[in-house]
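Chain residues, written in single-letter form:
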Amino acid sequence: MIRRGIMFFDVDSQGWRIWIGQQEYETFTGMTFEIRIQHRYYEACFEKDYNEWFVTLEDDVTFTLRLVEVYKVRIRH
């Protein structure tokens, strides 16, 4: 089952969190999910290098997550 939610940076824990409905999930290095960019979802892998968080899209493109952004995501659960 695919569930939709949001991913945001939690200042208190200094990490990224995913909210789906009323349930909160932690992110971890190597986690796979889908992230929405301009009306389309892409397969993504969550990664961290030193203090920088980024995602790799479909094993090809890598981009740094902005701490002030809220991203729409889907996870398989």
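Cut-off values and rules
- Residues numbered from 1 in each chain as written.
- Predicted model: local features only at pLDDT ≥ 70, side-chain atom pairs only at ≥ 80, totals over all residues.
- Heavy atoms only, no water.
- Helix = DSSP H or I, 4+ residues; strand = E, 2+ residues; numbered from the N terminus.
- Buried < 20%, exposed > 50% of the residue type's maximum accessible area, 1.4 Å probe, protein only.
- Polar contact = N/O pair within 3.5 Å; in protein donor to acceptor, adjacent residues only side chain to side chain.
- Contact = heavy atoms within 4.5 Å.
- Phe/Tyr/Trp six-rings, centres within 6.5 Å; stacked < 30°, edge-to-face > 60°.
- Patch = residues over 30% accessible without salt bridge, like charges linked within 9 Å, V, L, I, M, F, W, Y side chains within 5 Å.
- Areas by Shrake-Rupley, 256 points an atom, 1.4 Å probe, with all protein chains shown as cover.
- Salt bridge = Lys/Arg side-chain N within 4 Å of Asp/Glu carboxyl O.
- Lys, Arg positive; Asp, Glu negative; His and termini not counted.
- Charge placed at Lys NZ, Arg CZ, Asp CG, Glu CD.
- Core = buried A, V, L, I, M, F, W, Y, C linked by side-chain atoms within 4.5 Å.

Moving on, we get to unusual backbone geometry. For Tyr50, which is not a glycine, the phi torsion comes out positive at approximately 60°. Assignment of secondary structure puts Tyr50 in the loop between β5 (40-49) and β6 (52-57). For Tyr50, a relative accessible area of 75% translates into the label exposed. Backbone geometry at Glu58 places phi at a positive 45°, although glycine is not the residue there. Among the secondary structure elements, Glu58 is positioned in the loop between β6 and β7 (61-64).

With respect to the secondary-structure elements, Thr56 resides in strand β6. The class for Thr56 is buried, based on a relative accessible area of 13%. A polar contact of 2.5 Å, which involves the side chain of Thr56, links it to the side chain of Glu47. Dropping the residues within four chain positions of it, Thr56 is found in contact with Glu43, Ala44, Cys45, Glu47, Val61 and Thr62.

This brings us to the packing of aromatic side chains. Applying the stated rule across the entire model yields 3 aromatic pairs. Aromatic pair Phe9 and Trp16: ring centres 5.6 Å apart, planes at 70°, arrangement edge-to-face. Taking the relative accessible area as the measure of exposure, Phe9 reaches 12% and is therefore buried. The class for Trp16 is buried, based on a relative accessible area of 1%.

Turning our attention to a negative patch on the surface. A cluster of acidic residues, Glu43, Glu58, Asp59 and Asp60, forms a negative patch on the protein surface. In this structure Glu58 comes out as partly exposed when scored by relative accessible area, which is 42%.

Here the focus is the nonpolar core. Membership of the largest hydrophobic core comes to 19 residues, with the highest contact counts inside it found for Met7, Trp16, Ile18, Phe33, Ile35, Phe46 and Leu65. Going through the elements one at a time, β1 (2-10), β2 (15-20), β4 (32-37), β5, β6 and β8 (71-76) are the ones with two or more residues in this core. Residues in contact with Met7, not counting those within four places in the same chain, are Trp16, Arg17, Ile18, Thr27, Phe33, Ile35, Phe46, Leu65, Glu69, Val70, Tyr71 and Val73.

With that settled, the discussion passes to the pattern of salt bridges. One pass over the structure, following the stated rule, counts 4 salt bridges. Across the pair Glu34 and Arg74 runs a salt bridge whose closest N-O atoms are separated by 2.5 Å. Note that Glu34 is positioned in strand β4 and Arg74 in strand β8, a separation of 40 residues in sequence. For the pair Glu34 and Arg74, one class covers both residues: buried. Residue Arg76 is joined to Glu34 by a salt bridge in which the shortest nitrogen-to-oxygen separation is 4.0 Å. With Arg76 in strand β8 and Glu34 in strand β4, this residue pair connects regions lying 42 residues apart in the sequence. Residue Arg76 is classed as exposed on the basis of its relative accessible area, which comes to 63%. Among the charged side chains, a network of salt bridges with common partners joins Glu34, Arg74 and Arg76.

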